[in-house]
Amino acid sequence: MYTRFLQSFGSSVRCMATKATPKVRPINKILISNRGEIACRVIRTARKLGVRTVAVYSDPDEHSLHTELADEAYRVGEAASYLRGDRILEIAKKSGAQAIHPGYGFLSESVEFAELCQKEGVIFMGPPSSAIRDMGIKSTSKAIMAAAGVPIINGYHGDDQSDACLQAEAAKIGFPLMIKAVRGGGGKGMRIAEKPEDFLTALNSARTESLKAFGDSSVLLERYVRSPRHVEVQVFADHYGDAVYLWERDCSVQRRHQKIIEEAPAPGLSEELRRELGEAAVRAAKAVGYVGAGTVEFILDKEDLSFHFMEMNTRLQVEHPISEMITGTDLVEWQIRIAAGEPLPLTQAQIIRRGHAFEARIYAENPRGGFLPGAGPLRYLNTPKPSAEVRVETGVREGDEVSVHYDPMIAKLVVWGENRTQALNSLIARLGEYHISGLETNINFLIDLASHPEFQQANVHTGFIDEHFDTLFPPIVVEQRQLSQAALSLIFNELQAAHSNASNGQDPFAAAANIRLNYALIRSYSLKAHEKVYAVDVKYDNGDIEIRVDGGAWQVIKAERVQDDGRLKIRANIDGNISTYSANIDGGNVTLFLENGKLDFELVQPKFLSAQADQLGSGGSRVVAPMPGVLEKILVQPGDVVKKGDSLAVLIAMKMEHILKAPKDATIKSIGGAVGDNMAKGAAVITFVDDDVSN
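These remarks concern the structure in this document. Residue positions are given per chain, counting from 1 as you read along its sequence in written order. Local features in this predicted model are restricted to residues whose pLDDT is 70 or higher, and side-chain atom pairs enter the listing and the counts only when it is 80 or higher, whereas totals over whole chains, interfaces and linings include all residues. Side-chain measures were taken over the full set of non-hydrogen atoms in the model, leaving aside hydrogen atoms and water.

Describing the pairing of strand E14 (residues 261-264)
Thinking step 1. Categorising residues by exposure relies on relative accessible area from a 1.4 Å probe, with only protein chains included: less than 20% of the type maximum marks a residue as buried, more than 50% marks it as exposed, and the intermediate range marks it as partly exposed. A run of H or I in DSSP counts as a helix once it spans at least four residues, and a run of E counts as a strand once it spans at least two, with each numbered from the N terminus. Of the two faces of E14, both are covered, the one formed by Ile261 and Glu263 as well as the one formed by Glu262 and Ala264.
Thinking step 2. Paired strands, in this sense, are two strands between which DSSP finds at least two bridges. Two strands pair when backbone bridges link them, and E14 and strand E17 (residues 356-363) are joined in this way by four bridges, in the antiparallel orientation. Residue pairing for E17: Glu262 is matched across the bridge by Glu359.

Shown next, in the form of structure tokens:
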């Protein structure tokens, strides 16, 4: 990777080669108008450069990590206040910040905010408002790209947004087709209409989501290319008309039209094609007078490798770290230097590509439940150890909460290797070291995805998850070995608790009530995993352990606790196989962290100890919130008769629209909330009249 000396040398060379005289405006304090991991990311680089940072925080974020890391922090308002450009600019001037870094999302692509900053004399660390406007309106951007010689895909990008016009244009393009919000990105306001009869429903849903996310319901229509690759190019431009590309990234594997794993460079491309992509991206940037960091996204046909312009994100991307890893650069540092008026730190010839990098986005979500987002506290968190080849980009700590108000991303795990195989092996290993319990995550899925034979062979495309759904989500089988590991975790946790309470602090058993060294400790557990309950019996006698599962034969096991900074780590010999694993016990929940991911068990109490019956109803008598969210629309009222599949309500979670539908023909009995109410996961939204429910 580049050394600091090389970057400084490159900067000097660049200065001498620049035609215009650099007009440098020193920046010594930056306000970050964002939250979470990107705010923490900017703070780290700013601190390295000796630049002070100002954080803003919403009410839910008062105690968040980014407010702690920044030199100063100011309250900006309620949960949605990161969109309050006027208030943020007021704080910037009050704190003496010369520049505002918008991060990504929120105000990062707001034309109005960029213009307001310019008017008030505060540096907006992004492109000119004109570039944001031109690239933010997809129909305009495609016209500009076509004029600049950048390939585009055919479709309708017109101003007439009437249903009749859009239906007519859809018929001309043909089905399937893609409906996309004219503004914004991130998969919001995007729907696929497979056939003509699906069009109006998909159109209305896309409009609603686009209006909610971007304040504009306008859409464009495009021919839908089945199973394309999503390849994007990182570009950078300065104030003096120069621009470079820092190679490309492949972001093809997505769920819900949102990226989940990215890699750089894109696999399987010739050097000539890489250069063509990069040069097309630079032409795109120059066509709109771009300044700063940007990403030009292309659709790449996986068969003939032809590519077409999709859109330009006029900001730093979530996945920018993998470009940094393969080029030895710090793109946030580049942003600060460019914003201050410096020329590009490196010429195109000096940007050398080395090795391969992956980024995996770790989300609070349920992959087996349709990737529905989640929220809740991070009760247990243990991450891989960062190094020059491993980065953990995050904005949360153990004990923090993944909020219902924002995107459910917990962290980005970034790894680098000399080649794709080495980097991929590292990614799988580091994912196995990322331990979270307390809420559901996609880590197991990421391990399965990265281990999939087709992914290993780089046969990636945007339909990858759908195509390989059955092999990515095979039936889960709980092995007897795993049940033994869970029981061992409970036993060692109990003995550790006894040790902690021991008066002499030496003998782990001496202080345990009614336990002697020559006395057999016997425990019987009912462990539930994936809706099945297993009976596990354990005999512990002075270090000798025997376990049986579901009344089977007793099995002798050797096990010991391994020191790991107070965390529960066990080395066990089970049936001749020796392995080391970690675990976490939280109340009645046991989480094992194994080579292929985590496995959760619930310690089932006897029926007479159960506090309540199931509160969610049964037999389809209720429709419940599948994730925490805000009740956006109620489409029915008590007494209405509905058919199976009818839309009943709309839930907004993480700025995405989720339509709740009737699971059967039924009559509405009651509504569980009002528009605007926060709904907890599992809360009854709609209750049906059900003759089988006696009460």
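Let's talk about the pattern of salt bridges
Thinking step 1. Take a side-chain nitrogen of Lys or Arg and a carboxyl oxygen of Asp or Glu: if they are within 4 Å of each other, that pair is a salt bridge. The tally for this structure, following the rule as stated, stands at 53 salt bridges.
Thinking step 2. Here Glu169 and Lys172 are joined by a salt bridge, their closest N and O atoms 3.4 Å apart. Taken together, the positions of Glu169 and Lys172, both in helix H8 (residues 163-173) and three residues apart, correspond to about one turn of that helix.
Thinking step 3. Of the charged contacts in the structure, one is a salt bridge between Arg548 and Asp537, with a shortest N-O distance of 2.8 Å. Linking Arg548 in strand E28 (residues 544-549) with Asp537 in strand E27 (residues 532-541), this pair joins segments that are eleven residues apart in sequence.
Thinking step 4. A residue is classified by how much of its surface remains accessible, and Asp537, at 13% relative accessible area, is buried.
Thinking step 5. If you follow the salt bridges from partner to partner, you end up with Arg41, Arg44, Lys48, Glu324, Asp330, Glu333, Arg337, Glu342, Arg391 and Glu393 in one network.

What to know about the sheet that holds strand E2 (residues 52-58)
Thinking step 1. Pairing within the open sheet is parallel, and its five strands lie in the order E3-E2-E1-E4-E5. Either end of the sheet is taken by a strand with one partner, and the two such strands are strand E3 (72-77) and strand E5 (123-124).
Thinking step 2. Contacts: residue pairs with any heavy atoms within 4.5 Å of one another. Convention adopted: a line fitted to C-alpha atoms gives each axis, helices being fitted over their contacting stretch, and angles between N-to-C directions are expressed from 0 to 180 degrees. Contacting strand E1 (29-32), E2 and strand E4 (99-101), helix H2 (residues 36-48) crosses the sheet at an angle of about 175° to E1.

Observations concerning the environment of Tyr380
Thinking step 1. Structurally, Tyr380 is set in strand E21 (residues 380-382).
Thinking step 2. Residue contacts for Tyr380: discarding those within four places in its chain leaves Glu398, His435, Ile436, Ser437, Arg567, Ala583, Asn584 and Phe593.
Thinking step 3. Residues adjacent in sequence count toward polar contacts only when both atoms are side-chain atoms; beyond that, a polar contact is any pair of N or O atoms within 3.5 Å, and within protein one must be able to donate a hydrogen and the other to accept it. Side-chain polar atoms of Tyr380 contact the side chain of Arg567, separated by 3.4 Å.

Points about the sheet that holds strand E36 (residues 641-642)
Thinking step 1. Reading across from one edge, E34-E41-E39-E36 is the order of the four strands in this open sheet, with antiparallel pairing throughout. The two strands at the open ends of the sheet, each matched to only one other strand, are strand E34 (622-624) and E36.
Thinking step 2. By the bridge criterion, two bridges tie E36 to strand E39 (residues 666-671) in an arrangement that is antiparallel. Looking at the pairing, Val641 lines up with Thr667 of E39.

A short note on the environment of Gly463
Thinking step 1. Relative to the elements of secondary structure, Gly463 occurs in the loop between helix H15 (453-456) and helix H16 (464-467).
Thinking step 2. Taking C-alpha positions, Gly463 is 8.1 Å from Ser252, a pair spaced 211 residues apart along the chain.

Comments concerning the nonpolar core
Thinking step 1. By nonpolar core we mean a set of buried residues, namely Ala, Val, Leu, Ile, Met, Phe, Trp, Tyr and Cys, connected to one another through side-chain atoms within 4.5 Å. Grouped together as the largest cluster of nonpolar side chains are 69 residues, with contacts concentrated most on Phe236, Phe298 and Trp334.
Thinking step 2. The biggest single contributor to this core is helix H10 (residues 271-287), with seven residues.
Thinking step 3. Ile362, Phe371, Leu424 and Ala450 belong to the second-largest nonpolar core, a separate cluster that totals 38 residues.

Points about the packing of H8 against helix H9 (residues 199-214)
Thinking step 1. Between H8 and H9, whose axes approach to 11 Å, the crossing angle comes to 120°. Judged by the inter-axis angle, H8 sits oblique to H9. In this structure, H8 crosses over H9, and the sense of that crossing is right-handed. Of H9, the residues touching H8 (which contributes Asp163, Leu166, Gln167 and Ala170) are Phe199, Leu200, Leu203 and Arg207. Just so you know how the angles are binned, under 35 degrees is roughly parallel, over 145 roughly antiparallel, 65 to 115 roughly perpendicular, and the rest oblique. Here a crossing is called left-handed whenever its near helix is offset anticlockwise from the far helix by less than a right angle, and right-handed whenever the offset is clockwise.

Section: the packing of helix H5 (residues 111-120) against helix H6 (residues 129-136)
Thinking step 1. Interhelical geometry of H5 versus H6 gives an angle of 175° and a closest axis separation of 9 Å. In terms of orientation, H5 and H6 fall into the roughly antiparallel class. Within the contact between the two elements, H5 uses Val111, Ala114 and Glu115 and H6 uses Ser129, Ile132 and Arg133.
Thinking step 2. Residues are grouped as follows: Ala, Val, Leu, Ile, Met, Phe, Trp, Tyr, Cys and Pro are nonpolar; Asp, Glu, Lys and Arg are charged; every other residue, Gly included, is polar. Of the residues assigned to the contact of H5 with H6, the class counts are three nonpolar, one polar and two charged.

Here we look at the pairing of E39
Thinking step 1. Sheet topology places E39 next to strand E41 (residues 684-688); three bridges connect them, and they run antiparallel. Across the sheet, Ser670 pairs through a bridge with Thr687, a residue of E41.

Some details on the packing of aromatic side chains
Thinking step 1. Here is the rule: rings of Phe, Tyr and Trp (six-membered ring for Trp) pair when centre to centre is within 6.5 Å. Planes less than 30 degrees apart are stacked, more than 60 are edge-to-face, and the remainder are tilted. All chains considered together, the criterion is met by 15 aromatic pairs.
Thinking step 2. The interplanar angle of 85° and the centroid separation of 6.4 Å between the aromatic rings of Phe175 and Phe199 together place this pair among those described as edge-to-face. Of the two residues, Phe175 is situated in the loop between H8 and strand E7 (177-181) and Phe199 in helix H9; the sequence distance between them amounts to 24 residues.
Thinking step 3. Given a relative accessible area of 1%, Phe199 falls into the buried group.
Thinking step 4. With a centroid separation of 6.2 Å and an interplanar angle of 80°, the aromatic rings of Phe455 and Phe464 are classed as edge-to-face. Phe464 shares its class with Phe455; the two are buried.

Looking at H8
Thinking step 1. Those residues of H8 that fall on the buried side of the exposure criterion are Cys165, Leu166, Glu169, Ala170 and Ile173. Buried residues of H8 fall within an arc of 135° about the axis and therefore sit on the same side. Turned more than 90 degrees off the buried face of H8, the exposed positions are Ala164 and Ala171.
Thinking step 2. Buried residues belonging to H8 abut strand E6 (155-156), E7, H9 and strand E9 (219-223).
Thinking step 3. After H8 finishes, the residue Gly174 shows a positive phi value of roughly 95°. Working note: the arc is built from the helix axis to C-beta atom directions.

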